[in-house]
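Here is what each chain is made of, one letter per residue.
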Amino acid sequence: MDLFSALLNRRSIRKYTDQAIPSGSIDKLLKSAMYAPSAMNNQAWQFIVVNQRKKLDKVLKVISHAEMLNSAQAAVLICGDLNLEKNIDYIQQNCSAATQNLMLCAHGLGLGSCWIGVYPVKETISGLQELFKLPEYVIPISLVSLGYPAENPIAEDRFKTEKVHFNKW
Ligand SMILES: Cc1cc2nc3c(=O)[nH]c(=O)nc-3n(C[C@H](O)[C@H](O)[C@H](O)COP(=O)(O)O)c2cc1C
């Protein structure tokens with residue numbers, strides 16, 4: 001799959017088969033995330049891989065609307081590290097770039113994924129900090145559910161010329 005096709009065809013997948021994800025694929029997802037751009041190249045991120053059913057169920061208790069975790073084989077919690085980057089606005093952007101890289105890599109590997117919003121919802125942040133015993137300088141930003149797709153949403157046409165501005169508004 002070429003990159004342009006991958007970008008246009010990726011959709012959020014919220015239902016997964018019971019096929020396990022090979023550990024080599026998890027390594028590739030994490031590697032892709034760590035190759036994302038980051039402010040001043042400070043790479044101020046940390047990743048929690050959740051691959052135990054019991055733990056996924058506990059996450060579901062913290063984020064009740066994350067019903068995709070019911071069939072997910074794994075999830076990755078992308079966190080910012082305030083020791084490496086003081087500016088929370090940059091942390092959000094860095095982690096978002098890493099999240100998108102990870103999701104595109106998943107798509108390239110034939111895996112489905114869905115971005116589950118964490119930051120800036122205070123109760124979700126504190127619930128995950130408690131569940132994973134995160135140090136206070138590690139801020140959860142986004143969660144990505146993962147698994148082989150059990151649904152196949154079609155690509156949408158999203159290109160809107162009226163949203164493009166050349167040289168002035
Ligand atoms: C910051 C952010 C938070 C999101 N949070 C959720 C979420 O909590 N639950 C969910 O089902 N999808 C969530 N999504 C996925 C969006 O709903 C999805 O990307 C959007 O509907 C477009 O569909 P697509 O991913 O299939 O292109 C989130 C996406 C982003 C970027």
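Every chain's residues receive numbers from 1 upward, in the order its sequence appears when written. Per-residue local features are limited, in this predicted model, to residues with pLDDT of at least 70; the limit for side-chain atom pairs, both in listing and counting, is 80 or more; totals at the level of whole chains, interfaces and linings are taken over all residues. Side-chain metrics rest on all non-hydrogen atoms present in the structure, leaving aside hydrogens and water.

## Quick look at the overall build of the protein
In terms of regular secondary structure, the protein is built from five helices and four strands. Elements are defined by DSSP. Helices are runs of H or I of four residues or more, strands are runs of E of two residues or more, and each kind is numbered from the N terminus. Of the regular secondary structure in the protein, the N- to C-terminal order runs α-α-β-α-β-α-β-α-β. Structurally, the protein occupies a C-alpha span of about 45 × 40 × 30 Å along its principal axes. Using a 1.4 Å probe, the Shrake-Rupley method yields the accessible areas, and only the shown protein chains count as cover for residues. Here the protein displays about 10,000 Å² of accessible surface, and carbon together with sulfur accounts for 54% of that area. The charged-residue count follows a simple rule in which Lys and Arg add positive charge and Asp and Glu add negative charge, with His and chain termini not counted at all. Every charge is mapped onto a representative atom, which is NZ of Lys, CZ of Arg, CG of Asp or CD of Glu. Here the protein carries 18 positive and 15 negative side-chain charges, and the mean point of each set is 2 Å from the other.

## Here we look at the site of the ligand
Note on terminology: near, applied to a residue and a molecule or strand, indicates that one of the residue's heavy atoms is within 4 Å of it. Near the ligand you find Arg-10, Arg-11, Ser-12, Arg-14, His-65, Met-68, Cys-114, Trp-115, Ile-116, Gly-117 and Arg-158, and these make up its full shell. Nitrogen and oxygen atoms within 3.5 Å of one another constitute a polar contact, given that in protein one can donate a hydrogen and the other can accept it, and given that sequence-neighbouring residues count only through two side-chain atoms. His-65 has a polar side-chain atom sitting 3.2 Å from an oxygen atom of the ligand. Here a nitrogen atom of the ligand and a backbone polar atom of Trp-115 are 3.0 Å apart. A total of 620 Å² of accessible area belongs to the ligand in isolation, and the protein chains cover 61% of it. Considered class by class, the residues forming the shell around the ligand number four nonpolar, three polar and four charged. Polarity classes work like this: nonpolar for Ala, Val, Leu, Ile, Met, Phe, Trp, Tyr, Cys and Pro, charged for Asp, Glu, Lys and Arg, and polar for all others, with Gly in that last group.

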